[in-house]
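Notes for the structure review
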Amino acid sequence: MIPFSILDLSPVGEGYSVRDALDQSRRMAIKAEEQGYKRVWLAEHHGMPGIASAATSIVIAHVGAATKKIRVGSGGVMLPNHSPLVIAEQFGTLEALLPGRVDLGLGRAPGTDMRTASALRRNMEAGAENFPQDIVELKHLLGTPIENQATIAVPGTEANVPLWLLGSSLYSAHLAAALGLPYAFASHFAPDMLMDAIAIYRERFQPSAELDKPYVMVGVMGVAADTDEEAERLFTSSQQQFVNLRKNVRTRFPKPLDSMDGFWTPMEKMSVEHTLRYAAVGSVPTIEAKLKDFLEETGADELIVSMPIHDIDARLHSVELFASLPMMEKTF
């Protein structure tokens, strides 16, 4: 048994508003807490009409205020977009509001197109190159100040918000190991380097003050429903979204289709199915079999599930069905 968590992008579905999407994230966090999930993370994306979590720290505060025990945090904040001081202040504030419940997952990708990334932080090339140094700086800003420290984050100092490193490449595995941080791999959309990255992280892990041994979280897309057929229908929303992303077509999160035939080309179908090959889609027995093999293969310490389902009631039902799996360790 391992803990399950939820990754939420606050999807803005067709026919819904941004306000609707944020309310749905609140409802999802409440349901996740009721069902014993360990954490709910929000992801930073920009310039995407189908995603409402761009101001990630604000959405974390929103779902955190609606819950009492479940951990909340970022999965992740794209640190090259920001000054470490700003993130220290934001997450120091969150820790003051939600003591002992906040995680700070950090990623190196911009989470958007390069033009938008440039508008977020003027020198993106320097931001990506400085990623390791920015993590160390952020850690210092959230910890106990040293003598004559020039810059202090208020709020932030002594908040000691736990840092995670997120990644989809071998670079992130090396860095997480060197810094002694827990590691979350984005296998829900980047499956190819999963096993190599986990192996590197575990082999090269250096114990730190925060973590004495490796801790691996792996991600899957997940859609659970009462039947395989209904889950597969609901999953067409994600399949459409990935086809649209490859065409640089930015739309609200699509309604499901009865069939993807005619929507995608054979090449697009092959590409999307490869990208989403770890997705757990189906009834409870189907998902249980899929996840059993996946968790045995990875030896993961925790599973985080992204459930991009257009209808909020179906999404909440999926949260319940995943929580019924015997391999889920209930947190509360």
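You'll find the structure just up there.
What comes next concerns the included structure. (Residues numbered from 1 in each chain as written. Predicted model: local features only at pLDDT ≥ 70, side-chain atom pairs only at ≥ 80, totals over all residues. Heavy atoms only, no water.)

**Quick notes on the overall build of the protein**
Heads up, the rule is: Comment: elements are numbered from the N terminus, with helices defined as DSSP H or I runs of at least four residues and strands as E runs of at least two. Note that the radius of gyration is over C-alpha atoms, with the globule rule given as 2.2 Å times the number of residues to the power 0.38. Each residue is assigned to one of three classes by its accessible area relative to the maximum for its type, calculated with a 1.4 Å probe on protein chains only: buried under 20%, partly exposed between the two thresholds, exposed over 50%. Using a 1.4 Å probe, the Shrake-Rupley method yields the accessible areas, and only the shown protein chains count as cover for residues. Only four residue types enter the charge count, namely Lys and Arg as positive and Asp and Glu as negative; His and the chain termini do not. All charge positions are set by atom: Lys at NZ, Arg at CZ, Asp at CG, Glu at CD.
When you go through the protein residue by residue, the secondary structure sums to twelve helices and ten strands. In terms of overall dimensions, the protein is globule-like: its C-alpha atoms have a radius of gyration of 19 Å, near the 20 Å expected for 332 residues. Its C-alpha atoms give the protein principal-axis dimensions of roughly 65 × 40 × 40 Å. Here the protein holds 332 residues, and 53% of them are scored as buried. Accessible area for the protein stands at about 14,500 Å²; split by element, carbon and sulfur atoms hold 54% of it. Of the side-chain charges in the protein, 30 are positive and 41 negative, and the distance between the mean point of each set is 3 Å.

**Notes on the packing of helix α9 (residues 228-246) against helix α10 (residues 266-275)**
Heads up, the condition is: All axes are obtained by fitting lines to C-alpha atoms, using only the stretch in contact for helices, and the reported angles, taken between N-to-C directions, cover 0 to 180 degrees. Working rule for angles: under 35 degrees goes down as roughly parallel, over 145 as roughly antiparallel, 65 to 115 as roughly perpendicular, anything else as oblique. Crossing chirality is assigned from the near helix's rotation relative to the far helix, an anticlockwise turn below a right angle marking it left-handed and a clockwise turn marking it right-handed. Contacts are assigned to residue pairs that have any heavy atoms within 4.5 Å of one another. Polar here means any residue other than Ala, Val, Leu, Ile, Met, Phe, Trp, Tyr, Cys and Pro, which are nonpolar, and Asp, Glu, Lys and Arg, which are charged; Gly is therefore polar.
Contact geometry of α9 with α10 gives a least axis separation of 10 Å together with a crossing angle of 115 degrees. On the basis of the axis angle, α9 is roughly perpendicular to α10. As α9 packs across α10, the resulting crossing turns out to be right-handed. Facing Gln 239, Phe 242, Val 243 and Arg 246 of α9, the residues of α10 in contact are Glu 268, Ser 271, Val 272 and Thr 275. By residue class, the composition of the contact of α9 with α10 is three nonpolar, three polar and two charged.

**What about the pairing of strand β4 (residues 102-107)?**
For clarity, the threshold we go by: Look down the strands so they point away from you; if going from the first strand over the helix to the second traces a clockwise path, that crossover is right-handed. For two strands to count as paired, DSSP must find a minimum of two bridges between them.
Of all six residues in β4, six are buried; the element is thus mostly enclosed. Viewed along the sheet, the connection from strand β3 (residues 71-78) through helix α3 (residues 84-97) into β4 turns out right-handed. Bridge analysis of β4 against strand β5 (residues 163-167) gives three bridges, and the strand direction is parallel. Each bridged residue has a counterpart across the sheet, and for Gly 105 the counterpart in β5 is Trp 164.

**What about helix α12 (residues 312-323)?**
Applicable threshold: In a helix, the anticipated span is given by 1.5 Å times the number of residues less one. Pairing of N or O atoms within 3.5 Å defines a polar contact, subject to two protein rules: one partner must be a possible hydrogen donor and the other a possible acceptor, and residues neighboring in sequence count only if both atoms are side-chain atoms.
Taking 1.5 Å of rise per residue, twelve residues should cover 16 Å, and α12 covers 17 Å from first to last C-alpha, within 8% of that figure. For α12, the tally of buried residues reaches nine of twelve residues, placing the bulk of the element in the interior. Turning to α12, its buried residues are Ile 312, Ala 314, Arg 315, Leu 316, Ser 318, Val 319, Leu 321, Phe 322 and Ala 323. Two to three positions downstream of the cap, the backbone nitrogen of Asp 313 sits 3.2 Å from a side-chain oxygen, assigning the N-cap of α12 to Asp 311.

**Some thoughts on α9**
Since one α-helical turn is 3.6 residues long, residues separated by three or four positions face the same way. Rules: The angle between axes fitted to the seven-residue stretch ending at a residue and the seven-residue stretch beginning at it gives the bend at that residue.
A rise of 1.5 Å per residue sets the reference length of α9, with its 19 residues, at 27 Å; its end C-alpha atoms lie 27 Å apart and thus fit the reference within 8%. The largest bend in α9 comes to about 30 degrees, at Phe 235. Within the span of α9, buried status applies to Ala 231, Leu 234, Phe 235, Thr 236, Ser 237, Ser 238, Gln 239, Gln 240, Phe 242, Val 243 and Asn 244. Turning to α9, the residues buried within the fold contact β7 (216-224), α10, β8 (280-282) and α12.

**Digging into the side chain of Thr 236**
Here Thr 236 is to be found in helix α9. Here Leu 257 takes part through its backbone nitrogen, which lies 2.7 Å from a polar atom of the side chain of Thr 236. Dropping the residues within four chain positions of it, Thr 236 is found in contact with Pro 256, Leu 257 and Met 260.

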